[in-house]
Amino acid sequence: MHTLNTTTGSQDPNFDPIPDPDQFPNRNRNLQQSRRPRGFAAAAAAASIAPTENDVNNGNIAGIGGGEGSSSGGGGGGGKGKREREKEKERTKLRERHRRAITSRMLAGLRQYGNFPLPARADMNDVIAALAREAGWSVDADGTTYRQSHQPNNVVQFPTRSIESPLSSSTLKNCAKAALECQQHSVLRIDENLSPVSLDSVVIAESDHPGNGRYTGASPITSVGCLEANQLIQDVHAAEPRNDFTEGFYVPVYAMLPVGIIDSFGQLVDPEGVRQELSYMKSLNVDGVVIDCWWGIVEGWNPQKYVWSGYRELFNIIRDFKLKLQVVMAFHEYGGNASGNVMISLPQWVLEVGKDNPDIFFTDREGRRSFECLNWSIDKERVLHGRTGIEVYFDFMRSFRSEFDDLFVEGLIAAVEIGLGASGELKYPSFPERMGWIYPGIGEFQCYDKYSQLNLQKEAKSRGFAFWGKGPENAGQYNSQPHETGFFQERGEYDSYYGRFFLNWYSQLLIGHAENVLSLANLAFEETKIIVKIPAIYWSYKTASHAAELTAGYYNPSNRDGYSLVFETLKKYSVTAKFVCPGPQMSPNAHEEALADPEGLSWQVINAAWDKGLLIGGENMITCFDREGCMRLIDIAKPRNHPDSYHFSFFTYRQPSPLVQGSTCFPDLDYFIKRMHGDIQR
C-alpha cells in the first residue's frame, strides 16, 4: 500500500495507492469476479447472495424458471432501478476513497513516527498485527492470535517480530497522533478478539455514531465508532503484560582493555599495570576482556613477518586471572578520529605500496585518500606484494590461529571479532575527522578510486546504462545537511532510477567485502564464535533519505530496510552481530537539530538481527554514564516483555583508559554488571 512514483521513484503523498474502480472498468469487473471476500465479510456476502427456497420456486433467480414473466417484470422499473444502482455506486466510491485516504495516512504515520518496520506493500493486516504485538499478543504467520499464556494447542510456531521494545513504546503516541490527525472526527475501532486475517471487515466512517460507548469484546466489527488517539494509547498500554521475561537471563559482560598496552614493536608495555587492572575487573565479576590485535603492529614492518610475543605475554596474564578472552582482528588504523595520543597506522609496508598506488585506499570525490583501512575493491586485486586484500587478511588470521592454538584448545579464547572497515566496524570511512568532518555532517561517498570506478562502469554497462557509471555529483560535502543537496533532499535523486542503481551497487560492495572476509574467517577459526561490529549511524535518521547511512554503505532510506540484507549475509556464516549502542551524549535539542533518532535506529537494527535469527551483542558508544544512561543500556540489552525473551548474548564495556578503582566515570558499573548477570532485578 506504500506506492512509489514510477517516474521519479520517490514516494508521492498525493498518489492514491488503490486505483479508482471507474478508471479500469474491465479490469475492475474481472477483479470483482475473481476476488473472494474473507473473514466476516465472507459470511455476510454469502448470506446476501444465497438464494432461498421461495426464490427458486417462484423463479426469482435469473435463468431458473423465470421465463418471460421474469423479463417483463423488470421492464417497468428498469430506469428507476438503474438510477438507484448508479447512486449506490457513487456512494460506494466515496466510501472507498475515504477509507483509502485514512489507510494511507495511518501507514505513513506508523512508518514515519512510530518506527514500525512495515513492509513496502503493507496492508491493514500488517498494521493490526503490529499493534497486537505492541499490546502483548502473539501473532503467528497464519494470523492465529493469542495471549502468551493462552497459546493454542497444536499450533506450529513461526518466528515473530517483537514490537514490545522499550525503544518503540515511547514513540507509539506520536505514531497514533500522526496517523489520526487528519481525520479528527474519525476513529478506529479494534476489538481484542479480532484476528488480523479478519481485517477486511473493518469499516471506518466519517463521524462517530451516537450510542457507541467504549468498545467491548462482544462484537468484533459492527460499528464505525472508535476511540481518540490518546484513548487508543491508554488501551494498548493497559493490555501490556507486566511480567519481565528477560530479567533473570545472564548476559556476560566483557571489559575492553585500553589501546596502547602493546607498543609499536609488539611488546607489552606495563605488565604490572595490566595485572592491577585485571584484578579490579575480576573484583567486579566481569566475565572476560576484549583485546585488539593490531595488523599495523603484528605485521607492521615486513609482509608475512608476524610478531606475537607481546600478545603471548598478555594472554598468559589474562589466563592467570581465569578470564575469558575476545580478540579483535583489527585491520584498521587507530588515532585518526580523536582517539587521544595513541596512534596505530596500517602496516608500514602497506603505506609504502600506497605511495606508488594510492588507489588501494578509499577516495572521495575530491581525490582525497583515507588511510583508515584498505579499499574493498582490491579484495581480489594482486596489488600487495603479489597478494590480494583478502589473502592478506587470511594470512594474518591463520597466523594468529596457529600461534595461539593452545588457547583455543583450552577454551580461553571465546570469540574472534573480525574488523571489516573503518573503526573496525562494517562501514565505509565516510566520516573522517582528519578531512574536517563534524557531527552531524552526512559524510561523502568513498568510491572514486580507479578500482571502484572500473567496477561501477562495468556494472552500469551490464545494465545497459553506461552513463550511470559514475558517482553522484550533487551529494554535497562532508558537513552538508540532506536538504542542502540535490541527491539527498526530499524526493531527491537518491530515489531516482540512477540513485537506486548507484546506492544498490555501493551497498553491495560492503556486503561483498563481508562475504569475502567472513568465508575465510570461518576457515581460519573453525568452531569459534565470529563477531562483526555494526555501527550506530543515527543522525539524519528522521529524514527520508537517511543520508549518513547511505554514505556509510547502508542502503536504508525510509522506504527500504537496508539492514536485513546485511544480516542475511552474516547469518550465512553464523556470525554474531555486535551493535554499538548510542549513548546520551547529546541533548534532545541537539538530536532534533541533527534529525537524529538513536532509539529508532537501535530498535530497527536489533530487531532486524533477531528477525534473521542472529545472535546479537552490544558495546557502549561512550564511556561515561549516570544511572539513567545505565538503565538505558540495560533496557536495550534486556528488553522488557519481549514475547520471545530475546536479549543480548554478551555486552562489551568500552572503558576509559585506564579503568582503575576510583577513577571510573561509570559509578554504577558494579550495579550494571549485576543487572546484566540477573543478580539484581527491577
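Residue positions are counted from 1 within each chain, in the order its sequence is given. Owing to the predicted nature of the model, reporting of local features is limited to residues with pLDDT of at least 70; listing and counting of side-chain atom pairs is limited to 80 or more, with chain, interface and lining totals taken over all residues. Water and hydrogen atoms play no part in the side-chain values, which are based on all heavy atoms of the structure.

1. Digging into the overall build of the chain
Item 1. Along the backbone of the chain there are 23 helices and 12 strands.
Item 2. By definition in these notes, contact holds between two residues if any of their heavy atoms fall within 4.5 Å. Taking contacts inside the chain between residues at least 6 apart in sequence as the whole, the part at least 24 apart equals 75%.
Item 3. Carbon and sulfur atoms make up 50% of the accessible area of the chain, which amounts to about 31,400 Å² in all. Helix and strand labels come from DSSP, where a helix needs a run of H or I of at least four residues and a strand needs a run of E of at least two; each type is numbered from the N terminus. Here the accessible surface of atoms and residues is derived via Shrake-Rupley with a 1.4 Å probe, and residues count as covered only by protein chains that are part of the display.

2. Points about the pattern of salt bridges
Proximity of charged atoms lets side chains of opposite charge pair with each other.
Item 1. Think of a salt bridge as a Lys or Arg side-chain nitrogen and an Asp or Glu carboxyl oxygen that are within 4 Å of each other. By the definition in use, this model includes 27 salt bridges.
Item 2. A salt bridge links Arg387 to Glu299, with the nearest nitrogen and oxygen atoms 3.1 Å apart. With Arg387 in the loop between strand S7 (369-374) and helix H14 (389-403) and Glu299 in the loop between helix H11 (295-298) and helix H12 (309-320), this pair connects stretches of sequence that are 88 residues apart.
Item 3. Accessibility here uses a 1.4 Å probe with only protein chains present; expressed as a share of the type maximum, an area under 20% marks a residue as buried, one over 50% as exposed, and anything in between as partly exposed. By relative accessible area, Glu299 is classed as buried at 0%.
Item 4. We note a salt bridge from Asp406 to Arg319, for which the minimum N-O separation is 3.3 Å. With a gap of 87 residues between them, Asp406 in helix H15 (residues 405-410) and Arg319 in helix H12 connect regions that are remote in the sequence.
Item 5. Counted as one network, the salt bridges with shared partners bring together Glu417, Lys533, Lys578, Glu619 and Arg654.

3. With respect to the sheet that holds strand S3 (residues 253-256)
Item 1. On the basis of which strands lie adjacent, the closed barrel formed by eight strands has the order S3-S4-S5-S8-S9-S10-S11-S12 and parallel pairing. For this sheet, the mean angle separating the axes of adjacent strands, direction not counted, is 30 degrees.
Item 2. Criterion used throughout: strands pair if DSSP finds at least two bridges between them. As judged from the four bridges shared by S3 and strand S12 (residues 651-654), these two strands associate in the parallel manner. In the sheet register, Ala255 faces S12, and the bridge partner there is Tyr653. Here, axes are lines fitted to C-alpha atoms. For helices the fit covers the stretch in contact, and angles between N-to-C directions go from 0 to 180 degrees.

4. Side note on the packing of H14 against helix H17 (residues 497-524)
Item 1. Here H14 crosses H17 at 25 degrees, and the two axes come no closer than 9 Å. The orientation of H14 with respect to H17, classified from their angle, is roughly parallel. In this structure, H14 crosses over H17, and the sense of that crossing is right-handed. Where H14 approaches H17, its residues Ile390, Tyr393, Phe394, Met397, Arg398 and Arg401 are matched on the opposing element by His513, Asn516, Val517, Leu520, Ala521, Leu523 and Ala524. Between 65 and 115 degrees an angle is taken as roughly perpendicular, under 35 as roughly parallel, over 145 as roughly antiparallel, and anywhere else as oblique. Note on convention: the crossing is left-handed when the near helix lies turned anticlockwise from the far helix by less than a right angle, right-handed when the turn is clockwise.

5. Considering the environment of Lys542
Item 1. With respect to the secondary-structure elements, Lys542 resides in the loop between strand S9 (529-534) and helix H18 (547-552).
Item 2. For Lys542, a relative accessible area of 42% translates into the label partly exposed.
Item 3. The spatial distance from the C-alpha of Lys542 to the C-alpha of Ser558 is 8.4 Å, given a sequence separation of 16 residues.

6. Considerations on the packing of aromatic side chains
Item 1. Each Phe, Tyr or Trp ring, with Trp reduced to its six-membered ring, pairs with another whose centre is within 6.5 Å; inter-plane angles below 30 degrees give stacked pairs, above 60 give edge-to-face pairs, and intermediate values give tilted ones. Under the defined criterion, the tally for this structure stands at 49 aromatic pairs.
Item 2. When the centroid spacing of 5.4 Å and the interplanar angle of 70 degrees are considered together, the rings of Phe651 and Phe672 count as edge-to-face. One end of the pair, Phe651, is in strand S12; the other, Phe672, is in helix H23 (residues 669-677), and 21 residues separate them in sequence.
Item 3. In this structure, Arg401 packs its charged tip against the face of Phe408, placed 4.3 Å from the ring centre. Charge-over-ring placement is defined geometrically: NZ (Lys) or CZ (Arg) within 6 Å of the ring centre, and within 35 degrees of the ring normal.

7. Brief notes about the nonpolar core
Item 1. Side-chain atoms within 4.5 Å link the members of a nonpolar core, which is a set of buried Ala, Val, Leu, Ile, Met, Phe, Trp, Tyr and Cys residues. Ranked by internal contacts, the top residues of the largest apolar core, which has 150 residues, are Phe315, Met329, Met397, Phe400, Ile418 and Phe567.
Item 2. For this core, the leading source of residues is H17, giving 15 residues.
Item 3. Apart from residues lying up to four places away in sequence, Met397 is in contact with Met329, Phe331, Ile418, Val517, Leu520, Ala521, Ala524 and Phe525.
Item 4. Judged by nonpolar contacts, the second largest core, of eight residues, contains Met106, Leu110, Ala122 and Leu131.

8. Some details on the packing of helix H22 (residues 627-637) against H23
Item 1. Look at H22 against H23: their axes get within 10 Å of each other, and the N-to-C directions meet at 20 degrees. If you check the angle between H22 and H23, you find them roughly parallel. Classified by chirality, the crossing of H23 by H22 is right-handed. Only Tyr671, Phe672, Arg675 and Met676 of H23 make contact with H22, whose side of the interface consists of Arg627, Cys630, Met631, Leu633, Ile634 and Ala637.
Item 2. Classes in brief: Ala, Val, Leu, Ile, Met, Phe, Trp, Tyr, Cys and Pro nonpolar; Asp, Glu, Lys and Arg charged; the others, Gly included, polar. Grouping the amino acids of the contact of H22 with H23 by side-chain chemistry returns eight nonpolar, no polar and two charged.

9. Some thoughts on the UniProt feature "active site" (unreviewed entry) in the chain
Item 1. In the numbering adopted here, UniProt assigns the feature "active site" (unreviewed entry) to Glu425 and Glu619. The greatest C-alpha distance among the annotated residues, which extend across 195 residues, is 11.7 Å, indicating that they converge on a single site.
Item 2. Relative to the helices and strands, Glu425 resides in the loop between strand S8 (413-418) and helix H16 (450-462).
Item 3. A residue is classified by how much of its surface remains accessible, and Glu425, at 10% relative accessible area, is buried.
Item 4. Tracing the chain through its elements places Glu619 in strand S11 (residues 616-620).
Item 5. When its relative accessible area of 3% is taken as the criterion, Glu619 is described as buried.
Item 6. Each residue touching Glu619, except ones within four places of it in the same chain, is listed here: Met256, Lys533, Lys578, Phe579, Val580, Cys581, Phe651, Thr652 and Arg654.
Item 7. Of note is the side chain of Glu619, whose polar atom sits 2.9 Å from the side chain of Lys578. UniProt positions are given in the numbering used here, feature names are shortened, and annotations may be inferred rather than shown by experiment. Between N or O atoms, a polar contact is any pair within 3.5 Å; within protein, one atom must be a potential hydrogen donor and the other a potential acceptor, and residues adjacent in sequence are included only when both atoms are from side chains.

10. Quick notes on helix H10 (residues 271-283)
In an α-helix there are 3.6 residues to a turn, and that puts residues three or four apart on one side.
Item 1. Under the convention used throughout, the expected extent of a helix is 1.5 Å for every residue step, that is, one less than its residue count. Here H10 is 13 residues long and its end C-alpha atoms lie 19 Å apart, about the 18 Å a rise of 1.5 Å per residue gives.
Item 2. Residues of H10 that are buried include every one of Val274, Glu277, Leu278, Tyr280 and Met281, and no others. Buried residues of H10 fall within an arc of 160 degrees about the axis and therefore sit on the same side. Exposed residues on H10 whose side chains face more than 90 degrees from its buried face are Gln276 and Ser283.
Item 3. Those residues of H10 hidden inside the fold are in contact with S3, strand S4 (288-294) and H12.
Item 4. Positive phi shows up at Asn285, right after H10, with a value of about 70 degrees. This arc is taken over the directions from the axis of the helix to the C-beta atoms.

11. Section: the environment of Leu518
Item 1. Counting through the fold element by element, Leu518 comes out in helix H17.
Item 2. Measuring from C-alpha to C-alpha, the distance between Leu518 and Leu570 comes to 8.2 Å, with 52 residues separating the pair along the chain.
Item 3. Residues contacting Leu518, with those up to four places away along its chain left out, are Ile418, Ile530, Val532, Leu570, Tyr573 and Val575.

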